[in-house]
Amino acid sequence: MGRPELVRARKRLGMSQEEAAEALLVTPTTLSRWERGAQDVRPVYRARIAQVFGVGGAEVERWLQCSDPVGTEVWPLPDFSDMTIAATVKSAAKLWRGELDLERRHLLATLPFVPAALDGWLSEWSYGPAVGSAAGQGAGRAVGLSDVRRINESWRMFSQIDHLYGSRVARPAVVDYLNTTVAPLLRGTYDHAVGAELLAAAAGMISFVGWTSFDAGHHGQAQHYYGQALKLAKIADDPLAGARVLTAMTRQAIHLGQPQYAAMLGRATVESARKGGASPRVMALMLIREAWSAALRARPAQTGDTYAAERIKRLIGEAEDAYAHGRTDRDPHWITKYEEPELRAEVGATWHLLGAHDRAADCAEGVTRDFAVSRPRSAQLNQLAAANAYLGKGEMEQAVDRVRAAVPIAGSFASTRLVESIRQFDKRLKPYESTVQVREFRAYLDRQLAS
């Protein structure tokens, strides 16, 4: 059975299937299936239909003629059409409150990652007009710089919990903090100077929640938080706060294998950092992310693109030189925990994509030792990085030994990303799957993760 009401709604707006599909962030084929009644419409897209067509959720349900209606109060991706503080805070607070409801929390966790949304966000970030003032005229209490300092101090505490125990342990406390502490401050009264600092601090905390979503494997949810954070940084007119968000988005795009968007985000990150007068240590982080994303896109080891390889090597050198300048009084609080092993880890990942597997393995082995106690998740992820480097060299047995050491903690550590990374490594063993070592490893892996 078709859905003629959905077709009529589209035509009333004078939209072709291609135009409507683009607005809904789906392919024309998917929209055609929806209109023919050949494919169900997921909740997040029902919410998007309501937004694009300007109707309520009940009307969308009627068009779809569903026998089992699904609530459509799912949060559409952030956009930059309304840059007022009030509208932005209202949208953000709605998301944070939704995390407290079990059913809505489940829907948020299933939101899809939408690469196409990044084009508009980057355009607005880079070329959209400045808002003008970050002053708040809400009904809440007067807000001062001491409130901003408390947000930043809380971020440091939550970050430490995340490093030691994983995102699923830290995340509930951070979301509650946003809902109960940050939201009321954003709805308060403050002048432009305080507002700019407050919005930048809030953007950092929101980006951190995006990170915990990313680590938990909820990539659409992470994208929603990153979009919110970028919007607040834009309102604050703070290029450095924006660069902090953009570099987190770059890392997500790398992980998801989105080379085009990773490279776009990596370049925008460096541009924003330079515009914001970033300190050398901040520039080191931004430059190595640009190098990593550029290597993912160019794949010089596979394509033989020597021009891209030389450019990426220059970026690695620039990042290392910048870090060697040491700490300065211009370092923002959030870069204080960016330690030299973290830089080496990402340098190693970039060398791996360049085909320099010996250098990649050396970096990963050193980082694993350095983070063994203070950052167990990072240590295990670098065990995997070393394993991938050994596999790149054809040393399968050594690669399997490295991953085997990471498996026990993956089963108990609250990081979906760590488990996913082990599973991805397992897929790379396909050429060796007939060997005794790989068969034994897979049996061991299944037992450990099942328990």
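One can find the structure itself at the top, above this paragraph.
What you see is a predicted model, and the numbers here were worked out from it, not measured in a lab.

(A) Highlighting the overall build of the protein chain. On a plain count of helices and strands, the protein chain comes out with 23 helices and two strands. Taken over C-alpha atoms, the radius of gyration comes to 23 Å for the protein chain, in line with the 22 Å a tight globule of 451 residues would show. Dimensions along the principal axes, computed over C-alpha positions, put the protein chain at roughly 60 × 60 × 45 Å. For the protein chain, the proportion of its 451 residues judged to be buried stands at 55%. Across the protein chain, every contact between residues at least 6 apart in sequence was considered, and the portion connecting residues at least 24 apart equals 73%. Per element, the accessible surface of the protein chain, about 19,500 Å² overall, is 51% carbon and sulfur.

(B) Representation of the nonpolar core. Counting residues in each nonpolar core, the largest one holds 143 residues, and the members touching the most others are Trp34, Ile49, Trp96 and Met249. Broken down by element, the residue count for this core peaks at 13 residues, all from helix H11 (residues 192-215). Dropping the residues within four chain positions of it, Trp34 is found in contact with Arg3, Leu6, Leu24, Val26, Gln39, Asp40, Val41, Tyr45 and Ile49.

(C) Representation of the side chain of Thr88. Following the sequence through the fold, Thr88 ends up in helix H6 (residues 85-98). Using a relative accessible area of 6% as the deciding quantity, one classes Thr88 as buried. The residues contacting Thr88, other than those within four sequence positions of it, are Asp82, Met83, Lys231, Leu232 and Ile235.

(D) Expanded view of a positive patch on the surface. A surface patch of like charges, here positive, comprises Lys90, Lys94, Arg97 and Arg187. Within the secondary structure, Arg97 is located in helix H6.

(E) Helix H14 (residues 259-275), seen in detail. Spanning 17 residues, H14 covers 24 Å between terminal C-alpha atoms, matching the ideal 24 Å at 1.5 Å per step. Among the residues of H14, Tyr261, Ala262, Ala263, Met264, Leu265, Gly266, Ala268, Thr269, Val270, Ser272 and Ala273 are the ones counted as buried. Among the structural elements, helix H8 (117-127), helix H13 (239-255) and helix H15 (280-298) are those in contact with the buried residues of H14. Backbone geometry just after H14 places Gly277 at a positive phi near 65°.

(F) Examining the packing of helix H1 (residues 4-12) against helix H3 (residues 28-36) more closely. Taken N-terminus to C-terminus, the directions of H1 and H3 make an angle of 130°; their axes are 7 Å apart at the nearest point. One finds that H1 runs oblique with respect to H3. Between H1, through Leu6, Val7 and Arg10, and H3, the contact on the second element is made entirely by Leu31, Trp34 and Glu35. When grouped by side-chain class, the residues that make up the contact of H1 with H3 number four nonpolar, no polar and two charged.

(G) Layout of the packing of H1 against helix H5 (residues 57-64). Viewed as axis vectors pointing N to C, H1 and H5 meet at an angle of 125°, and their least axial separation amounts to 7 Å. Considering the angle they form, H1 stands oblique to H5. In this structure, H1 uses Glu5, Leu6, Ala9 and Arg12 to contact H5, whose residues at the interface are Arg62, Trp63 and Leu64. Across the contact of H1 with H5, the residue classes tally to four nonpolar, no polar and three charged.

(H) How the structure looks around the pattern of salt bridges. Inspection of the entire model under this criterion finds 26 salt bridges. Here Arg442 ties to Asp426 by a salt bridge, and the two come within 2.8 Å at their closest N and O atoms. In this pair, Arg442 is assigned in helix H23 (residues 436-450) and Asp426 in helix H22 (residues 416-428), connecting sequence segments 16 residues apart. Across the pair Glu433 and Lys430 runs a salt bridge, and its minimum N-O distance is 3.7 Å. Take Glu433: its relative accessible area is 35%, and that puts it in the partly exposed class. By relative accessible area, which is 54% here, Lys430 ends up exposed. Each of Glu5, Arg8, Glu59 and Arg62 takes part in a single network of salt bridges with overlapping partners.

(I) Representation of the packing of aromatic side chains within the structure. Under the counting rule described, the total for this entry stands at six aromatic pairs. Between Phe158 and Tyr177, the ring centres sit 5.7 Å apart and the planes meet at 65°, which makes this aromatic pair edge-to-face. Highlighted residues: Phe158 in helix H9 (residues 145-165) and Tyr177 in helix H10 (residues 167-186), separated in sequence by 19 residues. Overall, the relative accessible area of 6% leaves Phe158 in the buried class. Ring plane angle 70° and centroid distance 6.0 Å describe the contact between Tyr323 and Tyr338, whose orientation is recorded as edge-to-face. Of this pair, Tyr323 sits in helix H17 (residues 306-324) while Tyr338 sits in the loop between H17 and helix H18 (340-353); the two residues are 15 residues apart in sequence, bridging distant segments of the chain. A relative accessible area of 11% means that Tyr323 is categorised as buried. Judged by relative accessible area, which is 5%, Tyr338 ranks as buried. The cationic tip of Lys234 hangs over the ring face of Trp125; the distance from NZ or CZ to the ring centre is 5.9 Å.

Parameters at a glance
- Residues numbered from 1 in each chain as written.
- Predicted model: local features only at pLDDT ≥ 70, side-chain atom pairs only at ≥ 80, totals over all residues.
- Heavy atoms only, no water.
- Helix = DSSP H or I, 4+ residues; strand = E, 2+ residues; numbered from the N terminus.
- Rg over C-alpha atoms; globule rule 2.2 N^0.38 Å.
- Buried < 20%, exposed > 50% of the residue type's maximum accessible area, 1.4 Å probe, protein only.
- Contact = heavy atoms within 4.5 Å.
- Areas by Shrake-Rupley, 256 points an atom, 1.4 Å probe, with all protein chains shown as cover.
- Core = buried A, V, L, I, M, F, W, Y, C linked by side-chain atoms within 4.5 Å.
- Patch = residues over 30% accessible without salt bridge, like charges linked within 9 Å, V, L, I, M, F, W, Y side chains within 5 Å.
- Salt bridge = Lys/Arg side-chain N within 4 Å of Asp/Glu carboxyl O.
- Lys, Arg positive; Asp, Glu negative; His and termini not counted.
- Charge placed at Lys NZ, Arg CZ, Asp CG, Glu CD.
- Expected span 1.5 Å × (residues − 1).
- Axes fitted to C-alpha atoms, helices over the stretch in contact; angles between N-to-C directions.
- Parallel < 35°, antiparallel > 145°, perpendicular 65-115°, else oblique.
- Nonpolar A, V, L, I, M, F, W, Y, C, P; charged D, E, K, R; others polar.
- Phe/Tyr/Trp six-rings, centres within 6.5 Å; stacked < 30°, edge-to-face > 60°.
- Lys NZ or Arg CZ within 6 Å of the ring centre and 35° of its normal.

Such coordinate-based values are descriptive only and should not be taken to indicate function.
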